[in-house]
Amino acid sequence: MTTRMRHSDFDVATRAAANTGGHPQARLVPATPIAPSGSPSRDLLTYLVEQGHLPPDGARRLRALARRSSARVEDLLIARRILNGEALARCLADFHAATYARLDRHPADPRLIEAYGTVEALRDRVVPWKRIGNTVLVACEDIRDFDRALPRLGRHFDRVAPAIGPRGHVRAAIAHTRSRPLIARAETRTRASDSCRTLPFRYLPHAAVLVLGLVLGALVMAPAATLAALAIWTVFTLLATSALKAAAAWQTARHGPPPKPNVAARDLPLAQVPQISLLVPLFHERDIAGHLIKRLRRIDYPRERLDVMLVIEAGDTTTRATLAATDLPAWMRVIDVPEGSIQTKPRALNYALDHCNGSIIGVYDAEDAPEPDQLLRVAATFATAPADVGCLQGVLDFYNPHQNWLARCFAVEYASWFRVILPGYEKLGLVLPLGGTTIFFRRDVLEHLRGWDAHNVTEDADLGVRLARHGYRTQFINSTTYEEANCRAVPWIRQRSRWLKGYIVTYAVHMRRPLALLRDLGPWRFFGVQVLFLGTITQFTLAPLLWSFWAAALGLGHPVAAALPGWVWPAMVVLFIASELLAIAIGMMGVAATRHTRLARWVPTLHVYFPLGSAAIYKAFAEMLWKPFYWDKTAHGTAHAPTSSSAADP
């Protein structure tokens, strides 16, 4: 059985180190047992006072706070910047009579980490560092992590001794030493059957040529009948999507928005506040990273329970330079994602997931400005929600909705989607495609689903379907995050093409076994997936065909006029007008629920806004053929969030 080294063990190990050329700084010392619950905090604070690191009154305040909150004294010392990571590690090593681990200078032995388990080492926050004689030095940041890991350590090593390193060094050492298996795990974390990486994309160009040839041949042989068949399918999907949107709008109008609880940090005992890890992926962010950090500082959540990870790609020198010039608070840290076979946001999220400390995992984007009390509402909602609520989705809005016409229309679209349609879908019991930001998961649920599909460019929508397939629900919270509206035409089309490509891929993944999808979701939610994904793809793809029917409505004739009964034309005109009026009504409802009520007069102009989506989907189809996993990043930074949430509406 593995045990800590005693005094006699230390002597033997020291001689062994000398005989084997062990590094002189890797000095083994006897490790004292952990004292009963409560005494480590008092003993450590007393020690810090004696060593001159802390005044007596400061120790009394920290002791009282630790007692009230059940927070670790070490976390309080770091969060309040009383000690930095290196100074705290040296003090802890002296206090526990352990070795001080210089992991930055002396890398860990990859064979020892592999023997213990790379993911297990990250989870347990320990790293088998080096072997001295017949003893393995195990580095940790908290001696209690070492003690908790002893049973597992005992299954792999005969004798171990603790070494204490600075905050972040243990996981950094694991990531540096075992980067290849970790990045491979991030890229293949999702089951092959649930991932788009196993779709037969190599045959897609041939299939596209075949389908295009068949359609062109049909148009040559029977143009009227072919156009009529396409028109009937397009009209049917328009009717289905309009009916579902109308039902969702009715549910939202009937039930209203979810309640908005008043929660303040002082109202919650800190011991009952869960730790939240926030993942913020950044890529080529020259200007926005500094603004993001200022906005995250305004979050009203106990810093001892906040774990913010700024996730950057290894080769992203732009963002790295920006962060290097920024004073990061102690509760923020940078996670470097090694290079791999792909470079996508979900891959970065998967990699960072193993580095999280929290029981709740949240995701923000670089340009986000969340309401200050948002995390408190998340914690309070999860505390009272049923166990099958695995995800919370917040409301997304814009802080630059009046920048130009495109920004206005984008803001109206978001208001319709996040304040009317999606809440209505929730009330109807349908599958919710998640937004890419302001989403929060129970960590155990997210790990059960095996994280995000690293190859899917709309990993959020895909995860929403997988949540439903595994029996979990997504619940809306009445809390808003403000973003920057993409208000330039070319970037808008690039962003929308990525979204639509992801919809196509997500639909293909879950429909490759349609009977299994039907069994997992049931008939009603299965129908909703068809309308949401297939209906959206159809509408944007064949929208030009629908537009052409306005010519017939205006008496200008149409090629399919002879192939359809006469009553069809009036019926189509009524459907077109009804769908436009429905879109206007939903847009008005959405805008009325925001601070941007002046946008109401721009709602009718959505009629000329949505055609941009057709250009986007043709780009998406082209990318599907040649680079299906390409992540077309949205450029931001033309507008910055206001300094306070009350100013979010210009």
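Going by the structure above, here's the rest.
Conventions and cut-offs
Residues numbered from 1 in each chain as written. Predicted model: local features only at pLDDT ≥ 70, side-chain atom pairs only at ≥ 80, totals over all residues. Heavy atoms only, no water. Helix = DSSP H or I, 4+ residues; strand = E, 2+ residues; numbered from the N terminus. Contact = heavy atoms within 4.5 Å. Areas by Shrake-Rupley, 256 points an atom, 1.4 Å probe, with all protein chains shown as cover. Phe/Tyr/Trp six-rings, centres within 6.5 Å; stacked < 30°, edge-to-face > 60°. Buried < 20%, exposed > 50% of the residue type's maximum accessible area, 1.4 Å probe, protein only. Lys NZ or Arg CZ within 6 Å of the ring centre and 35° of its normal. Core = buried A, V, L, I, M, F, W, Y, C linked by side-chain atoms within 4.5 Å. Pairing = 2+ DSSP bridges. Axes fitted to C-alpha atoms, helices over the stretch in contact; angles between N-to-C directions. Salt bridge = Lys/Arg side-chain N within 4 Å of Asp/Glu carboxyl O. Patch = residues over 30% accessible without salt bridge, like charges linked within 9 Å, V, L, I, M, F, W, Y side chains within 5 Å.

1. Details of the overall build of the protein
Inference 1: Tallying secondary structure elements over the protein gives 23 helices and 12 strands in all.
Inference 2: In the protein, once contacts between residues fewer than 6 apart in sequence are set aside, the share between residues at least 24 apart is 79%.
Inference 3: In the form shown here, the protein has an accessible surface area of approximately 27,500 Å², with 60% of it arising from carbon and sulfur atoms.

2. Description of the environment of F95
Inference 1: Within the fold, F95 resides in helix α5 (residues 85-95).
Inference 2: For the pair formed by F95 and Y47, sequence separation is 48 residues and the distance between their alpha carbons is 7.3 Å.

3. Digging into the packing of aromatic side chains
Inference 1: Taken as a whole and assessed by the stated rule, the structure comprises 17 aromatic pairs.
Inference 2: Where Y364 meets F440, the ring centres are 6.0 Å apart and the plane angle is 85°; that geometry is what we call edge-to-face. With Y364 in the loop between β8 (360-363) and β9 (369-370) and F440 in strand β11 (residues 439-442), this pair connects stretches of sequence that are 76 residues apart. Here the two residues Y364 and F440 agree in accessibility, since each one is buried.
Inference 3: Here the aromatic cluster, defined as three or more aromatic residues joined through ring pairs, consists of F398, W405, F410, Y414, F418, W492, W499, Y609 and F610.
Inference 4: Over the ring of Y116 we find R152; its NZ or CZ atom is 5.1 Å from the centre of that ring.
Inference 5: Residue placement shows R303 over the ring face of W331; its charged tip is 4.3 Å from the ring centre.

4. Some words on the nonpolar core
The tendency in soluble globular proteins is for nonpolar side chains to be buried side by side.
Inference 1: Within the largest apolar cluster, 80 residues are counted, with the highest numbers of intra-cluster contacts made by L153, F441 and W452.
Inference 2: The residues contacting W452, other than those within four sequence positions of it, are T190, L279, P346, L349, N350, L353, V363, F441, L446, E459, L463 and R466.
Inference 3: Counting residues in hydrophobic clusters, the runner-up holds 60 residues, among them C409, F410, L428 and F526.

5. Overview of the sheet that holds strand β7 (residues 332-337)
Inference 1: Spatially, 8 strands are ordered β7-β6-β5-β8-β11-β10-β12-β9 in an open sheet, and the strand pairing comes out mixed. At either end of the open sheet lies a strand with only one pairing partner, and these are β7 and β9.
Inference 2: Taken together, the 7 bridges between strand β5 (residues 276-282) and strand β6 (residues 306-313) define a ladder with parallel strand orientation. Considered in β6, the bridge of I276 is made with L306.
Inference 3: Relative to strand β10 (residues 389-398), helix α17 (residues 405-428) is tilted by about 155°, and along the sheet it contacts β10 and β12 (473-483).

6. A short note on the pattern of salt bridges
Inference 1: Summed over all chains, the structure comprises 36 salt bridges.
Inference 2: Here R90 makes a salt bridge to E86, at a shortest N to O gap of 3.6 Å. Of this pair, R90 and E86 are both found in helix α5, 4 residues apart, which corresponds to roughly one turn of the helix.
Inference 3: Note on E86: relative accessible area 39%, which makes it partly exposed.
Inference 4: Two residues, R189 and D354, come together in a salt bridge whose shortest N-O distance is 3.3 Å. Here the residue R189 occupies a position in the loop between α10 (179-188) and α11 (204-221), and D354 occupies one in the loop between α15 (345-353) and β8, the gap between them amounting to 165 residues.
Inference 5: Owing to a relative accessible area of 9%, R189 belongs among the buried residues under this scheme.
Inference 6: A residue is classified by how much of its surface remains accessible, and D354, at 8% relative accessible area, is buried.
Inference 7: Three or more residues are tied together by salt bridges with common partners; here these are R72, E74, D75, D142, R144 and R167.

7. Observations regarding unusual backbone geometry
Inference 1: The backbone of A97 sits at a positive phi, close to 55°, despite the residue not being glycine.
Inference 2: Turning to its location among the elements, A97 is positioned in the loop between α5 and β1 (99-100).
Inference 3: By relative accessible area, A97 is classed as partly exposed at 22%.
Inference 4: One non-glycine residue, T438, lies in the positive phi region at around 55°.

8. A few points about the sheet that holds strand β4 (residues 160-164)
Inference 1: Strand order in the open sheet formed by 4 strands is β1-β4-β3-β2, with mixed pairing between adjacent strands. Of all strands in the sheet, those with a lone pairing partner are β1 and β2 (126-132), marking the two edges.
Inference 2: Strand direction decides the pairing type here: β1 and β4, joined by 2 bridges, are parallel. Its bridge partner lying in β4, Y100 is registered against I164.
Inference 3: Each of β2, β3 (135-140) and β4 is contacted by helix α8 (residues 143-154), which is oriented at about 150° to β4, the strand it contacts most.

9. Topic: the side chain of R178
Inference 1: By the secondary structure assignment, R178 is in the loop between α9 (169-177) and α10.
Inference 2: Ignoring anything within four residues of it in the chain, the contact list for R178 reads P110, I113, E114 and T118.

10. Section: the pairing of β8
Inference 1: Alternating residues of β8 divide into I360 and G362 and I361 and V363, and every residue in both groups is buried.
Inference 2: The sheet contact formed by β5 and β8 spans 4 bridges and is parallel. Of the residues in β8, the one forming a bridge with L278 is G362.
Inference 3: Judged from the 4 bridges that link them, β8 and β11 form a sheet pairing that is antiparallel. Bridge pairing in β11 links G362 to F440.

11. Quick notes on the pairing of β11
Inference 1: Of the two faces of β11, the one holding I439 and F441 and the one holding F440 and R442 are both buried throughout.
Inference 2: Looking at chain direction, β10 and β11 are connected through 3 bridges and run antiparallel. Residue pairing in the sheet places C391 in a bridge with F441 of β11.

12. Thoughts on a nonpolar patch on the surface
Inference 1: On the surface, W547, W550, I577 and L581 cluster together to form a nonpolar patch covering roughly 390 Å² of accessible area.
Inference 2: Mapped onto the elements, L581 comes out in helix α22 (residues 568-592).

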